[in-house]
Amino acid sequence: EAQVTQNPRYLITVTGKKLTVTCSQNMNHEYMSWYRQDPGLGLRQIYYSMNVEVTDKGDVPEGYKVSRKEKRNFPLILESPSPNQTSLYFCASSPTGHSSGANVLTFGAGSRLTVL
Amino acid sequence: LAKTTQPISMDSYEGQEVNITCSHNNIATNDYITWYQQFPSQGPRFIIQGYKTKVTNEVASLFIPADRKSSTLSLPRVSLSDTAVYYCLVGDNDTGRRALTFGSGTRLQVQP
């Protein structure tokens, strides 16, 4: 089954404790991206990647890092989490970062993160 | 920076047609318009995509005027299961970047 898999689905952590949210897709998609969703603010893009070793900032990149060493994986790293990073996070992928393909995203089920 | 504006919420009744309009004044020439549906605690799901005029699939229609500064998602004969948040999405083609900007979404409530 074609899908985007995120782990963990739920996580409670404390301020300053580094964590990584993994994202993997099995569709050979070039474009991958991370979003956070907060009440009243919709979906905001954190980082995106056009292909292996090509990443760029989205609208809200502060406090996050990403890497794209393999085509299928796009982990989100919080080096020193803070309470304002408590949110629902989604990873998504699309066949290509160009033209129409970029906008046809397949989303993961989400990762709910709480930072105390 | 491409930006979209949608109504915050809409109410409807079962069996009615619902039209949700999205404004995207700064859409780039080669950008497509894509709509998503999201249920609580789930990731958004692709509904429909278009570039200009009208596109129709098995669940919705998408109307895009010639100037492409807005688009309208049309849901025919909604049911209770169409209660969800609907997002429109355009690309952000500023200086070749492929950042994507979602609007705040429209919360559709369908009543019996």
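This text goes with the structure placed above it.
Residues numbered from 1 in each chain as written. Chains lettered and ligands numbered in written order. Predicted model: local features only at pLDDT ≥ 70, side-chain atom pairs only at ≥ 80, totals over all residues. Heavy atoms only, no water.

This part takes up the overall build of chain B. Along the backbone of chain B there are zero helices and 10 strands. Ordered by position from N to C terminus, the α and β elements of chain B give β-β-β-β-β-β-β-β-β-β. Relative to the globule expectation of 13 Å for 112 residues, the C-alpha radius of gyration of chain B, 14 Å, shows essentially globular dimensions. For the C-alpha atoms alone, the extent of chain B along its principal axes is close to 45 × 30 × 20 Å. By residue count, 48% of the 112 residues in chain B fall in the buried class. Relative to all contacts within chain B whose residues are 6 or more apart in sequence, the contacts with residues 24 or more apart total 55%. In the form shown here, chain B has an accessible surface area of approximately 5500 Å², with 49% of it arising from carbon and sulfur atoms. Between the centroid of the 10 positive side chains of chain B and the centroid of its 9 negative side chains there is a distance of 5 Å. (Helix = DSSP H or I, 4+ residues; strand = E, 2+ residues; numbered from the N terminus. Rg over C-alpha atoms; globule rule 2.2 N^0.38 Å. Buried < 20%, exposed > 50% of the residue type's maximum accessible area, 1.4 Å probe, protein only. Contact = heavy atoms within 4.5 Å. Areas by Shrake-Rupley, 256 points an atom, 1.4 Å probe, with all protein chains shown as cover. Lys, Arg positive; Asp, Glu negative; His and termini not counted. Charge placed at Lys NZ, Arg CZ, Asp CG, Glu CD.)

At the junction of the two partners, chain B supplies 24 residues and chain A supplies 24 residues. Between chain B and chain A the total buried area reaches about 1900 Å² when both faces are included, carbon and sulfur atoms providing 49% of it. Counting the contacts that link chain B with chain A gives zero salt bridges. If you look at where chain B meets chain A, you find six residue pairs in polar contact (both at pLDDT 80 or more). Listed by contribution, the elements that provide at least two residues to the side of chain B that touches chain A are strand S3 (33-38), strand S4 (45-50), strand S8 (84-92) and strand S9 (99-102) of chain B. (Buried area = accessible area lost by both parts, 1.4 Å probe. Salt bridge = Lys/Arg side-chain N within 4 Å of Asp/Glu carboxyl O. Polar contact = N/O pair within 3.5 Å; in protein donor to acceptor, adjacent residues only side chain to side chain.)

All names here are of chain B. With respect to the secondary-structure elements, Val-18 resides in strand S2 (residues 18-23). You can call Val-18 buried: its relative accessible area is 2%. Once the C-alpha coordinates of Val-18 and Pro-76 are considered, the two residues, 58 residues apart in sequence, prove to be 6.5 Å apart.

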